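# Coordinates in review
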Amino acid sequence: MKACVLHGKGDLRYEDVADPIISTDDEVKVKILAGGICGSDQHYYLEGGIGTSIVVREPIVIGHEGCGVVEAVGANVKDLKQGDMVIIRPARPCFKPDCYYCSHHMYSYCENMRHLGSAITFPHVQGLFAESVVVHQVQCRKVREMKPDVAAFAEPLSVAFNGVHQLGDVIGKDVLVMGTGPIGLLCVAAAKVLGANSVTAVDIRDEPLSIAKKMGADAVINSKTDPQAIEALCVHKGQFDCALEATGNGFACEQTMKMVRPEGVISQVGMFGSGHQPKDFGAFATKGLKWHSVFRFYSEFGPAVNALESGRIDPLPLLSASYPAEQCVEAMEAAVSPTTCKVQVRFY
Ligand SMILES: [Zn+2]
Ligand SMILES: [Zn+2]
């Protein structure tokens, strides 16, 4: 079969790889329909890794956001059958009783995690930008017939749901979303659907801010062209009850801390690259803020899928382009361009 294989920095190829086979009774073989290119895939392509600790050391099939149709199931799989449409959950925890995190239902932190398309572990876990993948049955969420390009948003939307989840109760709250990359935009929709009174989105580019409006933002601010608007939201120790920081930029994070009221919560959804951490903790130190890191998701996957399946969240305003898998290099080049939002590849 064919797959999108990254051989190292800047070297992505659509090429033949071995057909995956079901090797345990709990596994499911899925024919992939569509997948979204994530920021981590882009880092692998542009830099050959993420930071200094995660390095692509062998050819890896990229991709962890996707959906497909069941091709075959192992003997223990009762709830799925050939032809079912499924959305794939990329995390495969070990579920072993002697794993502290699995035995405490803290699956995201499993020390034996196998996450699709991840170079964290070696050998790397191959990803799902391939004609077929084999995954554990718990990684498959059956859905009724859905558009593949919508279904492929379930994984990033789950991250956004986790970000809102870590804010605690958002019902009736005025929520700030800092940064309108794909995750920030999905945070806008997630906060609104999960009960926020209002959502304000901030970025330094106008195009994604116009998408934020389509995703439900009540107000949008370009902090580059309208710094006075940001100043106005810092008065009286802040004007928001809570915030999702989705830039991973230290300065934006400092601004967020100034804009949230005392004792508010900030979900740190954006990942700080090395050297990009916030430096000024003045607002943080004096306002009793809670700063919650957000790493992937687990229980949020089902609710995120439900929101897409029911149509309560329409992610398609984020979709800039979709390419056939054989054009994965063009797709990746489009994804890394600052003018696009989400780019997908498709296998149909
Ligand atoms: Zn992702
Ligand atoms: Zn485990």
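Residues numbered from 1 in each chain as written. Chains lettered and ligands numbered in written order. Predicted model: local features only at pLDDT ≥ 70, side-chain atom pairs only at ≥ 80, totals over all residues.

### Digging into the pairing of strand β7 (residues 65-73)
Here is the rule we go by: Two strands pair if DSSP finds at least two bridges between them. Numbering of helices and strands starts at the N terminus; helices are DSSP runs of H or I of at least 4 residues and strands are runs of E of at least 2.
Here strand β3 (residues 27-36) pairs with β7 via eight bridges, running antiparallel. If you follow Val28 over to β7, its bridge partner there is Val73. Note: β7 against strand β8 (residues 85-88), four bridges, orientation antiparallel. Residue pairing in the sheet places Cys67 in a bridge with Ile87 of β8.

### A short note on the domain arrangement of the protein
Test applied: Domain delimitation in this document rests on an assignment produced automatically or drawn from a domain database. Think of it this way: build a C-beta for each residue from its backbone, and any pair within 7 Å is a contact.
For the protein, the domain assignment lists domain 1 (2-153 + 315-346) and domain 2 (157-293). Computed over C-alpha atoms, the centres of domain 1 and domain 2 are 28 Å apart. If you look at the interface, domain 1 gives seven residues, while domain 2 gives ten residues.

### Some words on the nonpolar core
Where a protein is soluble and globular, its nonpolar side chains tend to be buried together. This is how it is decided: Only buried Ala, Val, Leu, Ile, Met, Phe, Trp, Tyr and Cys residues enter a nonpolar core, and they are joined through C-beta atoms within 7 Å. For the exposure call, what matters is how many other C-beta atoms sit within 10 Å of a residue's own: 20 or more marks it buried, 12 or fewer exposed, and in between partly exposed, using C-beta atoms placed from the backbone.
By size, the foremost hydrophobic cluster in this structure holds 99 residues, and its most contacted members are Leu157, Val177, Cys187, Val188 and Ala191. If you count residues domain by domain, this core takes at least three from each of domain 1 (2-153 + 315-346) and domain 2 (157-293). For Cys187, the residues in contact, after removing those within four places along its chain, are Ala160, Gly163, Val164, Val177, Leu244, Ala246 and Val269.

### Focus on the sheet that holds strand β1 (residues 2-8)
Here we have three strands laid out as an open sheet, ordered β2-β1-β6, and antiparallel in their pairing. Here the strands that pair on one side only, and so sit at the sheet edges, are β2 (11-16) and β6 (60-61).

### Overview of the packing of helix α4 (residues 154-165) against helix α10 (residues 301-309)
Basically, it comes down to this: Fitting a line to C-alpha atoms yields each axis, with helices limited to the stretch in contact; the angle taken between N-to-C directions then spans 0 to 180 degrees. Should an angle lie under 35 degrees it is considered roughly parallel, over 145 roughly antiparallel, and from 65 to 115 roughly perpendicular; all remaining angles are considered oblique. A clockwise turn of the near helix away from the far one marks a right-handed crossing, whereas an anticlockwise turn of less than a right angle marks a left-handed crossing. Each residue receives one of three labels: charged for Asp, Glu, Lys and Arg, nonpolar for Ala, Val, Leu, Ile, Met, Phe, Trp, Tyr, Cys and Pro, and polar for the others, Gly being one of them.
Between α4 and α10, the shortest axis-to-axis distance is 8 Å and the interhelical angle comes to 120°. As summarised for this structure, α4 and α10 are arranged oblique, according to the angle between their axes. Two packed elements cross with a definite hand, and for α4 against α10 that hand is right-handed. On α10, the residues touching Ala154, Leu157, Ser158 and Phe161 of α4 are Phe301, Pro303, Ala304, Val305, Ala307 and Leu308. Across the contact of α4 with α10, the residue classes break down as nine nonpolar, one polar and no charged.

### Brief notes about helix α11 (residues 328-336)
Convention followed: Directions are taken from the helix axis to each C-beta atom, and the arc is the one they span.
If you check which residues of α11 are buried, you get Cys328, Ala331, Met332 and Ala335. Projected onto a plane normal to the axis of α11, the buried residues spread over an arc of 95° and lie on a single side. In this fold, the buried residues of α11 make contact with β1, β2, α1 (39-47), β19 (319-324) and β20 (342-346).

### Details of the pairing of β20
Going by this rule: The definition of a right-handed crossover adopted here requires that, viewed with the strands pointing away, the path from the first strand over the helix to the second runs clockwise.
By the criterion of burial, β20 is predominantly enclosed, with four of the five residues buried. Across three bridges, β3 lies against β20 in antiparallel orientation. Note on β20: the bridge partner recorded for Gly35 is Val345. Of the strand pairs in this sheet, β19 and β20 are connected by five bridges, and their pairing is parallel. When the sheet's bridge partners are listed, Tyr323 is paired in β20 with Val345. The parallel pair β19 and β20 is bridged by α11, and the resulting crossover is right-handed.

### Here's the deal with unusual backbone geometry
In this structure, the amide linkage connecting Phe122 to the following residue, Pro123, adopts the cis form with an omega of -5°. As for its position among the elements, Pro123 is in the loop between β10 (114-115) and β11 (132-136). One non-glycine residue, His236, adopts positive backbone phi at about 55°. Looking at the element boundaries, His236 is found in the loop between α7 (227-232) and β16 (240-245). On the neighbour-count criterion, His236 (8 C-beta atoms within 10 Å) is exposed. The phi torsion at Arg296 lies on the positive side, around 50°, for a residue other than glycine. A tally of 18 C-beta atoms within 10 Å means that Arg296 is categorised as partly exposed.

### What to know about the packing of α4 against helix α5 (residues 182-193)
Relative orientation of the contacting elements α4 and α5 amounts to 60°, with a least axis distance of 8 Å. The angle between α4 and α5 places the two elements in the oblique class. α5 is crossed by α4, and the crossing has right-handed handedness. The segment α4 lies against α5, with Pro156, Leu157, Val159, Ala160, Phe161, Gly163 and Val164 engaging Pro182, Ile183, Leu186, Cys187, Ala190 and Ala191. The residue inventory of the contact of α4 with α5, partitioned by class, reads twelve nonpolar, one polar and no charged.

### What to know about the sheet that holds strand β14 (residues 198-203)
Across the sheet, six strands lie side by side as β15-β14-β13-β16-β17-β18; this open sheet has parallel pairing. Lying at the two open borders of the sheet, with one neighbouring strand each, are β15 (219-222) and β18 (290-293). Here the strands of the sheet are splayed against their neighbours by 20° on average, with no regard to which way each runs. Looking at chain direction, strand β13 (residues 174-178) and β16 are connected through four bridges and run parallel. Each bridged residue has a counterpart across the sheet, and for Val175 the counterpart in β16 is Cys242.

### Points about α5
Rules: Here, expected helix span is obtained from the residue count minus one, scaled by 1.5 Å.
Helix length check: α5, at twelve residues, gives a terminal C-alpha distance of 17 Å against a target of 16 Å (1.5 Å per residue), a fit within 8%. Most of α5 sits out of view: twelve of its twelve residues are buried. Phi for Gly195, located one or two positions after α5, is positive at around 115°.

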